[in-house]
Amino acid sequence: MKPRLKLPGIPPARRRAAGLLLTVLGATCGALGGAASNPVSPATLPPIRSLSPCRVTILEPKGTEVLLGTIRLKAGAVCPEGTGVAEVFFLVDGEPAVLAKKSPYDGRFDAGDSLSERRVEARLTDTQGRVSSAVVITPGSRLRETVRVVGTPIDRVELSVSVTDAAGRPVHGLTRDDFVVTEKGREQRIETVRPETRPLSIAVLVDVSSSVRDFWPRLQQAAPAFARTLSPEDVAKVVAFSGPAYMIQDFTRDPEAIAASLAGFRRWGGGTSLYDTLAAVGVELAWARGGRQAVILLSDGIDTLSRIDPARLRDYLRRTDVTVDTLLMATKEAKRSPGFSHSRRAIERLCRDTGGTVRVLEDFDGMERAFRALGADFQDRYYIAYHSDLAGRKSGWRSIKVGARRPGLVVRTRAGVIDRRDIAFGLTEDLRHGDAAARRQAADWLGKMRAPGTADALLEALDDRAPQVRAAAAVALGRLREVRAIPATLAMLTGRDNGLSVAAGEALMTFGPAAVPDLAGVLAGRSEDGDEDAQVRILEVLANIGDGTALDAITRAAQPIPAMTAARDGEERERMARRRRAEPRVRSWALWALGRLGRAESLSVLEKGSLDSDPDVSDAGESGLEAVLENAAREGRLLVWAAQPPNGEMLVRLVERDLGEETPGETNARGRAFVQAMGGPEPTADLLDRIASTLPPAAKEQAADLATRLRPAAAALPAPARDP
């Protein structure tokens, strides 16, 4: 359970600014997961409460979906009689997403255009203010975590070339003397011509929006048939997309695996984020795979949701060696669409620039034949290499033409090349010189690439004039574990910009233990200043990092503020007053954080907090106690801890608080939360018996009495409810 406190005392103007910035970030910041259709300010988050008996389950998205574009968040809830649901609050990567106050508990959310792993949490608050939660971790694209070394000099151009006769049949046996290559009209000296044998990585990108659902049965036959045309070194994967994207099948050589994955897919419908998905998949292929890379796009070409336009998509893919081939489903419905002709022209130009083709399917009958033809074309190609005499002298796009000296032959390859073709270099240039949207997109993708110079460019972007770019750069540097970014990211976390603090928190959590010393130091300083919001944000990050070295800093924040001497001046009086006002909220968060750390050493502090007169503090202390006891029981450390005399006496006190004045066979109002955390009545009774010899006489007698009271009820007590 990950509770959130209200942010009391924040001026209305600042609340409005926070909500506005979340909306701005959502419009342009896919690295943060975007904004919900009904964005929620952190000021509306529910306060800490005890664990709800209601069970919440995330129905959408599933744990197998790659989130992309506009997605649906949906949860189901079941409550015992006498309890109802007040609201279900969704967070994506810790960012407020959707607030649903009645069934169905759902809403739309813009997940951006990044194929990153995402953490989706549904947090239920019942009618008594208690909280229950469920979490789904969705998969991301599998970019390699190592530097991809590009060994090709910038002046060496490598082409994959298709040659056919007038009837479309492949032509074999050609040599260097049969080809002529020109670059910007200047003939180039060909060094190598041979049959194409480089291994091929193919992404089959399938449109599953409402308009093209009927083709699916044919695709189930066509895609495995295509996979059978591949050579033993080639691999293919299948990605479906409408608004979101779905990894149907990761890279494989097995046609049967592709067939089985297609047979299990059921997620049709919605709009289409064609350009966004194609850009993300193409960039991933270019960076994470060696050899040849190709995308086969199966779509009607209609795009309704993308933020990337065709020109930017083409610019990205021109910087790669990815070939895009399209099977364009020109159905009657598609042709009636007002955007069909424009989309078709954009796709045709993209395929031509990358060396691919557009095959138009008037109906679905020719799909398998088209797939087989593509497979044969990939296998019957020539590899041509030459050193350009224009490289380094002509910046930007350099057009290429490859012709055959024999008459009647049709030659096809990519239409040009860009100096420094490595996609990371191009994205770094976009980060430094592009418009705000391009800079934000570049920061997001560079966070997945461990390329030389990437970190330096992202560090510069922390000072970008656009907040969405600064936010994306912080998240990207966190993914890269670039510790030089920690101080600036921490300043962003504790600043006055609520939207940027969300990004900074996500980034610092990915740094992990490396960020703990800086976080702990700033936490102590902000405690002295009484900066309530900054302390809460730091405590949340420390709790999510979960490193034991933060225990001392969090424990200090959980303690009551000691009595203060009289202030010497007005400034000091104001600072002391701020500390007093912040104390309940900060202590509540610190006690929750101790519960998240799950260390038995914090039980005494949590027990004191659970007895505090402030209800939020005491609720947080009780929740923390339950979490630590459950963690110790799960890891088998509870007996070792309880066998130490002071701890054993505390255990007796906690069980006594659970049982209260109830008689055997009955349950008190607390619901025996501590007993349930320790495994239930019978294991708790056994534990009391085993530590009895270590207890003082009075506590020993009390332990025996409690064990007796627990056992008659053990068989009748229902199993403890747990969050999904």
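Residues numbered from 1 in each chain as written. Predicted model: local features only at pLDDT ≥ 70, side-chain atom pairs only at ≥ 80, totals over all residues. Heavy atoms only, no water.

Chemist: Mind showing me how you'd approach the nonpolar core here?
Modeler: A general feature of soluble globular proteins is that nonpolar side chains tend to end up buried together. Counting residues in each nonpolar core, the largest one holds 129 residues, and the members touching the most others are Leu278 and Leu519. With 10 residues, the top contributor of residues to this core is helix H4 (residues 274-288). Counting residues in hydrophobic clusters, the runner-up holds 32 residues, among them Tyr246, Leu361, Met367 and Leu374. (Core = buried A, V, L, I, M, F, W, Y, C linked by side-chain atoms within 4.5 Å. Buried < 20%, exposed > 50% of the residue type's maximum accessible area, 1.4 Å probe, protein only. Helix = DSSP H or I, 4+ residues; strand = E, 2+ residues; numbered from the N terminus.)

Chemist: Just checking my understanding: could you explain the sheet that holds strand E10 (residues 179-183) for this structure?
Modeler: Through backbone hydrogen bonds, the strands of a sheet pair up, either in parallel or in antiparallel fashion. Read from one edge of the open sheet, four strands run E11-E10-E20-E22, paired in antiparallel fashion. Pairing within the sheet leaves two strands with one partner each, and these edge strands are strand E11 (186-188) and strand E22 (416-418). Recorded for the sheet is a direction-independent mean angle of 35° between the axes of neighbouring strands. Bridging between E10 and E11 involves three bridges; their strand directions are antiparallel. Bridging across to E11, Thr182 finds its partner in Glu187. (Pairing = 2+ DSSP bridges. Axes fitted to C-alpha atoms, helices over the stretch in contact; angles between N-to-C directions.)

Chemist: Can you help me understand helix H11 (residues 454-461) in this one?
Modeler: Note on helix geometry: an α-helix contains 3.6 residues per turn, so any two residues three or four positions apart are oriented the same way. A large share of H11 lies buried, amounting to six of its eight residues. Restricting attention to buried positions, one finds in H11 the residues Thr454, Ala455, Ala457, Leu458, Leu459 and Ala461.

Chemist: Looking at this structure, I do not really get the sheet that holds strand E2 (residues 65-66). What am I missing?
Modeler: Strand order across the open sheet formed by seven strands is E2-E15-E14-E13-E16-E17-E18, with mixed pairing between neighbours. Two strands lie at the open edges of the sheet, namely E2 and strand E18 (358-361), each paired on one side alone. Note: E2 against strand E15 (residues 245-252), two bridges, orientation antiparallel. For Glu65, the partnering residue across the bridge sits in E15 and is Tyr246. Helix H2 (residues 216-227) rests against strand E13 (200-207), E15 and strand E16 (292-299) of the sheet, and its axis sits at about 175° to E13. Contacts between helix H8 (residues 367-379) and the sheet are confined to E13, E16, strand E17 (322-329) and E18, with E16 contributing the most and set at about 165° to the helix. (Contact = heavy atoms within 4.5 Å.)

Chemist: Help me understand the pairing of strand E20 (residues 397-404), please; the structure alone is not making it clear to me.
Modeler: Each regular strand carries side chains that alternate between the two faces of the sheet. Direction of pairing for E10 relative to E20: antiparallel, over a ladder of five bridges. Looking across to E20, one finds that Glu183 is bridged to Ile400. Where E20 meets E22, three bridges bridge the pair, whose relative direction is antiparallel. When the sheet's bridge partners are listed, Arg398 is paired in E22 with Val417.

Chemist: What am I meant to see in the environment of Lys608 here?
Modeler: Topologically, Lys608 is positioned in helix H19 (residues 603-610). Spatially, the C-alpha atom of Lys608 lies 8.4 Å from that of Ser618, the residues being 10 residues apart in sequence.

Chemist: Looking at this model, I keep getting lost on helix H17 (residues 551-558). Mind explaining?
Modeler: H17 sits mainly inside the fold: six of its eight residues count as buried. The complete set of buried residues in H17 reads Leu551, Ala553, Ile554, Thr555, Ala557 and Ala558.

Chemist: Is there a simple way to think about the pattern of salt bridges in this case?
Modeler: Considering all chains together, one arrives at 41 salt bridges under this definition. A salt bridge links Arg123 to Glu121, with the shortest nitrogen-to-oxygen separation between them at 3.2 Å. When its relative accessible area of 1% is taken as the criterion, Arg123 is described as buried. The partner of Arg432 in a salt bridge is Glu460, with the nearest N and O atoms 3.1 Å apart. A residue pair is termed long-range when its members are at least 10 positions apart, and Arg432 in helix H9 (residues 423-433) and Glu460 in helix H11 qualify at 28 residues. The exposure class assigned to Arg432 is partly exposed, which follows from its relative accessible area of 37%. One salt-bridge network, held together by shared partners, links Arg156, Glu158, Glu191, Glu196 and Arg198. (Salt bridge = Lys/Arg side-chain N within 4 Å of Asp/Glu carboxyl O.)

Chemist: Please explain unusual backbone geometry as it appears in this structure.
Modeler: Glycine aside, residues mostly have negative phi, and peptide bonds are mostly found in the trans state. For the bond from Glu60 to Pro61, the omega torsion is 5°, close enough to zero to count as cis. With respect to the helices and strands, Pro61 occurs in the loop between strand E1 (55-60) and E2. Note the cis peptide between Ser103 and Pro104, where omega equals 0°. By the element assignment, Pro104 lies in the loop between strand E5 (95-100) and strand E6 (105-110). In this model, Lys184 sits at a positive phi of 50°, which is unusual for a non-glycine residue. Of note in the backbone geometry, Arg481 takes a positive phi value of approximately 55° without being a glycine. One can find Arg481 in the loop between helix H12 (467-479) and helix H13 (486-493).

Chemist: Help me out: how do you make sense of the state of the cysteines in this one?
Modeler: Simply put, the disulfide is a covalent bond whose two ends are the sulfur atoms of two cysteines. A complete count under the given rule lists one disulfide for this structure. Covalently, Cys54 is tied to Cys79 through a disulfide, its sulfur atoms 2.0 Å apart. What sets the handedness of the Cys54 and Cys79 disulfide is the S-S torsion sign, and at about 115° it is right-handed. Of this pair, Cys54 sits in the loop between helix H1 (12-28) and E1 while Cys79 sits in the loop between strand E3 (70-78) and strand E4 (85-92), and the two are 25 residues apart along the sequence. Overall, the relative accessible area of 25% leaves Cys79 in the partly exposed class. (Disulfide = S-S within 2.5 Å.)

Chemist: Sorry if this is basic, but what is going on with the pairing of strand E19 (residues 382-387) here?
Modeler: For E19, a buried count of five out of six residues is recorded, marking the element as mostly surrounded by other parts of the structure. Relative to E19, strand E9 (residues 156-164) is paired through six bridges, and the arrangement is antiparallel. Within the sheet, the bridge partner assigned to Val161 lies in E19 and is Tyr382. With five bridges connecting them, strand E12 (residues 190-195) and E19 associate as antiparallel partners. By the bridge assignment for E19, Ile190 is matched with Tyr386.

Chemist: Which parts of the structure should I look at to understand the packing of aromatic side chains?
Modeler: Here a ring pair, both rings aromatic, is described through the centre-centre distance and the interplanar angle of the planes. With the rule as written, the count across this model stands at six aromatic pairs. Here Phe226 and Phe371 contribute two aromatic rings whose centre-to-centre distance is 5.7 Å and whose plane-to-plane angle is 55°, an arrangement assigned as tilted. You can see Phe226 sitting in helix H2 and its partner Phe371 sitting in helix H8, a full 145 residues away along the chain. Here Phe226 matches Phe371 in class, with each residue buried. Plain terms: the ring middles of Trp589 and Trp592 are 5.1 Å apart, the flat faces sit at 80° to each other, and that makes the pair edge-to-face. Of this pair, Trp589 and Trp592 both sit in helix H18 (residues 570-597), three residues apart, which is roughly one turn of that helix. When sorted by exposure, Trp589 lands in the same class as Trp592, which is buried. The ring centre of Tyr383 lies 4.0 Å from the NZ or CZ of Arg194, which sits over that ring. (Phe/Tyr/Trp six-rings, centres within 6.5 Å; stacked < 30°, edge-to-face > 60°. Lys NZ or Arg CZ within 6 Å of the ring centre and 35° of its normal.)

Chemist: Could you clarify how one ought to interpret the confidence of the model for the chain in this entry?
Modeler: Atom-level detail of predicted coordinates should not be read off regions where pLDDT is low. Per-residue pLDDT for the chain averages 81, and the proportion of residues at 70 or more is 84%. For the chain, the element scoring lowest by mean pLDDT is H1, at 30; E10 scores highest, at 96. Counting contacts from residues 142-151, a segment whose pLDDT is below 50, to residues more than four positions away or on other chains yields 19 contacts. (pLDDT = per-residue confidence, 0-100.)

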